[in-house]
Amino acid sequence: LRPKIKHHIYAIGSEEAIRPIAQSLFNQSKIDFEAKLIEILGPNYEPVQSHTLQATHLIVFAYKPLIPIISQIKSDAVKTGIGDVIGNKGGVGISFNLGKTSFLFMNCHLTAGQKKVKRRIADYHRIERELEIPKKEDNSPQIASERADVVFYSGDVNSRTNANLQMVKHLFSENKYEVLLMNDQLNQSKGEVFVGFQEPPIEFAPTYKLVPGKNKYNVKKVYKVPSYTDRILCKTKHKDSIENLSYDSNNIINFSDHRPVFAQYLCKIKIP
């Protein structure tokens, strides 16, 4: 069952991939985007499910021979934008069983702003509480990520670097990214968010805010300190069932002010 390409499952999350948030309020269709992904992956892969929340999108593909053992496919979204009723911010999720192993993929776009840490924490917990997948049973956990065997959480978590611009420029000149990560808001909020999740070591440069089309940071404004806004984390009920193979960003895709990140994992599953 091993495909020529290494992966049996692809989960692709995006924010504002086709059109910006304001335009997506009136037209959130990602049909053209999904068609392009289908074309790129080729005939050996089939979409399992996709879900869109305004400008936030998630789609999961599977290697075709696995389709017969995929079941219980569901998707949902939670709005955390204006008044918690607008989808300019929020999260989407797709869940399914692969054999006897349950998976949950989540993609989010949390509140922006250097000083909006508490709001982002609230966004995260609202998504966890209100996402209706995997299906809630009478005695099941109320937190979505506790109801699946394996969980992947990706997206623009909008975590910022707590440092002044001059300090960051100096750290960049010496490639001391580890100091930036010590001052990363998400890392400093551990214990309040992503409890039980693991993030692979970050060995790449901050993914925001860059000048579109160029590999340089837009630092004209002090509050746009280069930051690790784009992240991938995982959570599993059985720690020996998953192994991270890589975690990196892509500097070739540079038409946005963000740089995309990707991760590869090897998962053990239970076959019927």
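Not measured: the values here are computed from a predicted model. (Residues numbered from 1 in each chain as written. Predicted model: local features only at pLDDT ≥ 70, side-chain atom pairs only at ≥ 80, totals over all residues. Heavy atoms only, no water.)

## Some words on the layout of surface pockets
- Its volume calculated, the second largest pocket comes out at about 250 Å³.
- The wall of the second largest pocket is formed by 16 residues, among which Asn187, Lys190, Gln198, Glu199 and Leu233 lie closest to the centre.
- At the level of secondary structure, the elements contributing two or more residues to the lining of the second largest pocket comprise α6 (185–188) and β8 (230–236).
- Considering only residue class, the lining of the second largest pocket consists of ten nonpolar, three polar and three charged. (1 Å grid on protein atoms, 1.4 Å probe; cavity = no way out; pocket = protein on both sides within 12 Å on 5 of 7 lines; lining within 4 Å. Points joined across faces, edges and corners; volume = space filled by probe spheres on them. Helix = DSSP H or I, 4+ residues; strand = E, 2+ residues; numbered from the N terminus. Nonpolar A, V, L, I, M, F, W, Y, C, P; charged D, E, K, R; others polar.)

## Quick word on the sheet that holds strand β3 (residues 56–63)
- Judged by pairing direction, the sheet is antiparallel, and its three strands sit side by side in the order β1-β3-β2 without closing on themselves. Of all strands in the sheet, those with a lone pairing partner are β1 (9–15) and β2 (45–53), marking the two edges. Here the average twist between neighbouring strands, direction ignored, is 10°.
- With seven bridges joining them, β1 and β3 adopt antiparallel strand pairing. Its bridge partner lying in β3, Gly13 is registered against Leu58. (Pairing = 2+ DSSP bridges. Axes fitted to C-alpha atoms, helices over the stretch in contact; angles between N-to-C directions.)

## Quick word on empty space enclosed by the protein
- One pass over the full model with this rule turns up one cavity of 30 Å³ or more.
- Lining the largest cavity we find Leu110, Val117, Arg120, Ile121, Tyr124, Val157, Ser159, Gln185, Leu186, Ser189, Val193 and Phe194.
- Looking at the lining of the largest cavity, the elements with two or more residues in it are α3 (117–130) and α6.
- Here the lining of the largest cavity takes four residues from α3, the largest share from any one element.
- In terms of residue class, the lining of the largest cavity is made up of eight nonpolar, three polar and one charged.

## Observations concerning the nonpolar core
- With 38 residues, the main nonpolar core has Phe61, Phe96, Phe103, Phe105 and Phe152 as its most contacted residues.
- With six residues, β3 is the single largest residue contributor to this core.
- Ignoring any residue separated from it by four or fewer positions in sequence, one finds Phe152 in contact with Phe103, Leu104, Phe105, Met106, Leu233, Cys234, Ile242, Tyr265 and Cys267.
- Residues Ile133, Ala144, Ala148 and Leu233 belong to the second largest nonpolar core, which totals 20 residues. (Core = buried A, V, L, I, M, F, W, Y, C linked by side-chain atoms within 4.5 Å. Buried < 20%, exposed > 50% of the residue type's maximum accessible area, 1.4 Å probe, protein only. Contact = heavy atoms within 4.5 Å.)

## Brief notes about helix α4 (residues 165–173)
- Looking only at α4, the buried set comprises Leu165, Val168 and Leu171. Relative to the axis of α4, the buried residues are bounded by an arc of 120° and lie together on one face. Opposite the buried face of α4, at more than 90 degrees from it, the exposed residues are Gln166 and Ser173.
- Sitting at the amino-terminal end of α4 is Asn164, which places a side-chain oxygen 3.2 Å from the backbone nitrogen of Gln166.
- Residue Asn175 follows α4 closely and has a positive phi angle near 55°. (Arc of directions from axis to C-beta. Polar contact = N/O pair within 3.5 Å; in protein donor to acceptor, adjacent residues only side chain to side chain.)

## Description of the packing of aromatic side chains
- As enumerated under the stated definition, the model contains 14 aromatic pairs in all.
- Between the aromatic rings of Phe105 and Phe152, the centroid separation amounts to 5.3 Å while the plane-to-plane angle is 20°, which identifies the pairing as stacked. Residue Phe105 is found in strand β6 (residues 101–109), and its partner Phe152 is found in strand β7 (residues 150–156); the two are separated by 47 residues along the sequence.
- According to the relative accessible area criterion, Phe152 is buried, its value standing at 10%.
- Between Phe204 and Tyr228, the aromatic rings sit 6.0 Å apart at their centres with planes inclined by 65°, giving edge-to-face as the arrangement. Of this pair, Phe204 sits in the loop between α6 and β8 while Tyr228 sits in the loop between α6 and β8, placing them 24 residues apart in sequence. (Phe/Tyr/Trp six-rings, centres within 6.5 Å; stacked < 30°, edge-to-face > 60°.)

## A closer look at unusual backbone geometry
- A cis amide bond, omega -20°, links Ile133 with the succeeding residue Pro134.
- The residue Pro134 is located in the loop between α3 and β7 in this model.
- With an omega of 0°, the peptide bond running from Tyr208 to Lys209 counts as cis.
- On the secondary structure map, Lys209 appears in the loop between α6 and β8.
- Unlike most non-glycine residues, Asn158 shows phi in positive territory, near 60°.
- Among the structural elements, Asn158 can be located in the loop between β7 and α4.
- Phi at Phe194 takes a positive value of approximately 55°, unusual for a residue other than glycine.
- Tracing the sequence through the fold places Phe194 in the loop between α6 and β8.

The values are spatial; any link to function lies outside them.
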